[in-house]
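So you can see what is in the structure, the chains are spelled out below.
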Amino acid sequence: MTQPISAWILGNQLLSEHHAFLTAEESTAKEDIRVLLVESQHLLKHRPSHPSKLILLLSAMRHYAAALENAGYRVDYRQAPSFLIGIQGHLKSHNPSRLLSMAASDYAGRRFQETTLPEKTSLPIDILPNRQFLTGRYNPYPQPDPGKQYIMEYFYRDLRKHFQVLVDGEGEPTGGEWNYDQKNRESLPSDIHIPPPLTFSPDEITQEVIAQLSPLIDPPAEEIGFALAVTHHQAEKALEDFIKHRLAEFGPYEDAMTSRSMVIFHSHLSPYLNIGLLTPLQVIRAVETAYKRGEVPIHSAEGFIRQVLGWREFMYWQYWRGMPELKEGNHWYARHRLPDFFWNGETKLNCLREALGRALSNGYNHHIERLMLLSNFCTLAGIHPPEVLDWFMATYIDAYPWVMVPNVIGMGLHADGGVIGTKPYISSANYIQKMSDYCQNCGYDHNVRTGEGACPFNFLYWNFLLSHQDRLRANPRMSLSLSNLRHLNAQERKAVQKQADHFIKQITEATNTNHEMEKNT
Ligand code: FAD
Ligand code: SF4
């Protein structure tokens, strides 16, 4: 008989080969290892989340526990008021000699592991390095300069060389180029066929979760048509389906937006990557193999790998580099309330209506809708960053702090002042018209800057440039946009500012009034 050890697995760390129980096995017989999983009622009830995200998490955790039991592990699955109470209950029942866990991917989770848990329990706690990210194994910049701006492109190239991804011989990029962006960024042909992502019918375990969650969420869980993968096997099927049916077109159309399809040629794999049903290297190698077999072109394979090995790792790295201050960023002194239409989707701006409708019902928008519609609008309208962050966190099925904070505060709003992104991602209607079919069916005119029917993205964009021109001038990447201000005479500048002020007042006044009414009832 060996000393009993417990391995606590967090709900978003469902790796099939989890560091915690593999480490426990090095010193302890399998029958003396308890794998602990805790469903925290506090988290379910008090942290607003998309219903599909909650169903996914609980169903995947329960499937994971069942799979571990089948593999011969002894699992203690607990539903508890909080993680702490669940863990304390486990320790009391099983009295292990040590508790192993893998470092949480987010700041609050890690503080809990490092501080609260040791304070509230008298047990030795081993926190193992997080293995859901490749930067947990190789960090290209272990001691970053606090004020320095690091560029994703070079970070990504370093990781490609280290992990030998799309790299030939002496570290040269496969195909001769590190970056195929010039072949990508096309708008979508109107007759192109777009295969939808694979869906999965809820099995008995998922149905049980849906029935249990229904009283807690609105709309009731039964009504949301949950169809996500909840096991490793299903997530692998979703990956195979993406590679077979959509990857080849991913590159050229990764920036396109259309009312015809929500996912277009994107992978829809982030919910699985973020909870350990898929691992980054598994996804990267599968895509690389498809390229080597001649099934997809290099610009799509590289374009996709750049998202996972480049952006995903870079954002995780930036999160840990910047927290906790990163979360507080408000570089533009934005102070307006988030308009109510973000919560109900009722707006006359067709592009936002389309994107918000998908976000609210499916918990998903692809990257360009998140960045160039929703975040762009919030930046231009001066919406208070913490409110934007709360909305994103509550709305998406793949939302976790490590990825939301750098994407919303850094990339989306440029509220960190440019530590993460090299320039603010802002645009007028021009970009939206070029990359989507939304403007064709909108009551606003994308060609009009001010006056009746003018698209709000236009006057808000010019107003933003005018209001922040002094600070924007410090950024060489903004010089072209700023130089266009010379085309606006004094009268036009006044008109832009007047209409922007009026519009912002209108959308935020309605919001303030609704909030007042809520408070008084
Ligand atoms: P694909 O376009 O198929 O890309 C493949 C994978 O690359 C994604 O699954 C994801 O794992 C990774 N990826 C691509 N870009 C990023 C990025 N900027 N940061 C991190 N990973 C990236 N991603 C999340 O996983 N969760 C979030 O909560 C989230 N919030 C975002 C908020 C804003 C304001 C912005 C601008 C981006 C956000 N992203 C987030 C990043 C990105 O938009 C999503 O990962 C992507 O849209 C998910 O859809 P997909 O799986 O079809 O992605
Ligand atoms: Fe959006 Fe303006 Fe185009 Fe309407 S006209 S869809 S509001 S960009």
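Residues numbered from 1 in each chain as written. Chains lettered and ligands numbered in written order. Predicted model: local features only at pLDDT ≥ 70, side-chain atom pairs only at ≥ 80, totals over all residues. Heavy atoms only, no water.

Another point: the overall build of the protein chain. Along its length, the protein chain carries 22 helices and seven strands. Here the protein chain has a C-alpha radius of gyration of 24 Å; the compact-globule value for 521 residues is 24 Å, and the two agree. Its C-alpha atoms put the protein chain at 85 × 65 × 45 Å along the principal axes. Relative to all contacts within the protein chain whose residues are 6 or more apart in sequence, the contacts with residues 24 or more apart total 76%. Looking at the protein chain as shown, the accessible area adds up to about 23000 Å², and 49% of this sits on carbon and sulfur atoms. (Helix = DSSP H or I, 4+ residues; strand = E, 2+ residues; numbered from the N terminus. Rg over C-alpha atoms; globule rule 2.2 N^0.38 Å. Contact = heavy atoms within 4.5 Å. Areas by Shrake-Rupley, 256 points an atom, 1.4 Å probe, with all protein chains shown as cover.)

Moving on: the site of ligand 1. What surrounds ligand 1 is a group of 28 residues, the closest being His266, Ser267, His268, Tyr364 and Met404. A distance of 2.9 Å separates an oxygen atom of ligand 1 from a polar atom in the side chain of His367. Calculation on ligand 1 without its partners gives an accessible area of 820 Å², and the protein chains cover 99% of this total. Those elements giving two or more residues to the shell around ligand 1 turn out to be helix H10 (270–273), helix H12 (298–322), helix H15 (367–380) and helix H17 (401–412). Per-element accounting of the shell around ligand 1 gives the leading share, six residues, to H12. Grouping the constituent residues of the shell around ligand 1 by class yields 14 nonpolar, eleven polar and three charged. (Near = heavy atom within 4 Å. Polar contact = N/O pair within 3.5 Å; in protein donor to acceptor, adjacent residues only side chain to side chain. Nonpolar A, V, L, I, M, F, W, Y, C, P; charged D, E, K, R; others polar.)

This part takes up the packing of aromatic side chains. This model, assessed by the stated rule, comprises 33 aromatic pairs. Summarising the aromatic geometry, the rings of Tyr107 and Trp320 are spaced 6.1 Å apart at their centres and angled 40° between planes, so their arrangement reads as tilted. Taken as a pair, Tyr107 in helix H5 (residues 107–120) and Trp320 in helix H12 lie far apart in primary sequence, 213 residues in all. For Tyr107, a relative accessible area of 23% gives the class partly exposed. (Phe/Tyr/Trp six-rings, centres within 6.5 Å; stacked < 30°, edge-to-face > 60°. Buried < 20%, exposed > 50% of the residue type's maximum accessible area, 1.4 Å probe, protein only.)

In this section: the pairing of strand E4 (residues 98–102). Most of E4 is tucked away: four of the five residues are buried. Taken together, the four bridges between strand E1 (residues 5–8) and E4 define a ladder with parallel strand orientation. Bridging from a neighbouring strand, Ile5 pairs with Arg98 of E4. As defined by bridge partners, E4 adjoins strand E5 (residues 125–128) across four bridges and the pair is classed as parallel. Within E5, the residue paired with Leu99 across the bridge is Ile125. (Pairing = 2+ DSSP bridges.)

Taking every second residue as pointing to the same face, both faces of E1 are buried, with Ile5 and Ala7 on one and Ser6 and Trp8 on the other. Relative to strand E2 (residues 33–40), E1 runs parallel, the two sharing four bridges. Within E2, the position partnered with Ser6 by the bridge is Arg34.

What follows is about the nonpolar core. Among the nonpolar cores identified, the biggest contains 145 residues, and Tyr272, Leu352, Leu374, Phe377 and Phe457 are the most heavily contacted of them. With eleven residues, the top contributor of residues to this core is H12. Here Phe457 is in contact with Leu349, Cys351, Leu352, Met372, Leu373, Asn376, Phe377, Leu380, Ser427, Ser428, Ala429 and Ile432, once residues within four sequence places are set aside. If you look at the next biggest cluster of nonpolar residues, it comprises 14 residues, including Val38, Leu84, Leu91 and Leu117. (Core = buried A, V, L, I, M, F, W, Y, C linked by side-chain atoms within 4.5 Å.)

On the basis of which strands lie adjacent, the open sheet formed by five strands has the order E3-E2-E1-E4-E5 and parallel pairing. If you trace the sheet from one side to the other, it starts and ends with strand E3 (74–80) and E5, each paired once. Across this sheet, the average inter-strand angle for adjacent strands is 25°, counted without regard to direction. (Axes fitted to C-alpha atoms, helices over the stretch in contact; angles between N-to-C directions.)

Bringing the packing of helix H4 (residues 83–94) against H5 into the picture now. At a minimum axis distance of 11 Å, the contact between H4 and H5 shows a crossing angle of 50°. In terms of orientation, H4 lies oblique with respect to H5. For the crossing formed where H4 meets H5, the hand is right-handed. Facing H4, whose interface residues are Phe83, Leu84, Ile87 and Gln88, H5 presents Phe112, Leu117 and Lys120. Residues that form the contact of H4 with H5 fall into these classes: five nonpolar, one polar and one charged. (Parallel < 35°, antiparallel > 145°, perpendicular 65-115°, else oblique. Left-handed = near helix turned anticlockwise from the far one by under 90°.)

Next up on the list: helix H8 (residues 232–245). Given a rise of 1.5 Å per residue, 14 residues ought to cover 20 Å, and the 20 Å separating the end C-alpha atoms of H8 matches this to within 8%. Taken together, the buried positions of H8 are occupied by His232, Gln234, Ala235, Ala238, Leu239, Asp241, Phe242 and Ile243. Here the buried face of H8 lies against helix H3 (51–70), helix H9 (247–250), H10, helix H11 (280–292) and H12. (Expected span 1.5 Å × (residues − 1).)

Attention now goes to the side chain of Thr347. The topology assignment puts Thr347 in the loop between helix H13 (341–344) and helix H14 (350–362). Once you skip the residues sitting within four places of it in the chain, Thr347 turns out to touch Phe341, Leu352, Arg353 and Leu356.

With twelve residues, H17 extends only 14 Å from end C-alpha to end C-alpha; this falls clearly short of the ideal 16 Å at 1.5 Å per step. With respect to burial, H17 is a largely interior element, ten of its twelve residues being buried. Where H17 is concerned, the buried positions are Trp402, Val403, Met404, Val405, Pro406, Val408, Ile409, Gly410, Met411 and Gly412. On its buried face, H17 sits against H12, H15 and helix H16 (385–395). At the C-terminal side of H17, His414 shows a positive phi close to 55°.

By the secondary structure assignment, Pro195 is in the loop between strand E7 (172–173) and helix H7 (204–213). Given a relative accessible area of 14%, Pro195 falls into the buried group. Expressed as a C-alpha distance, the spacing of Pro195 and Thr28, which sit 167 residues apart in the sequence, is 48 Å. What Pro195 contacts, discounting residues up to four positions off in sequence, is His245, Arg246, Ile264 and Phe265.

By themselves, these figures tell us nothing about what the structure is for.
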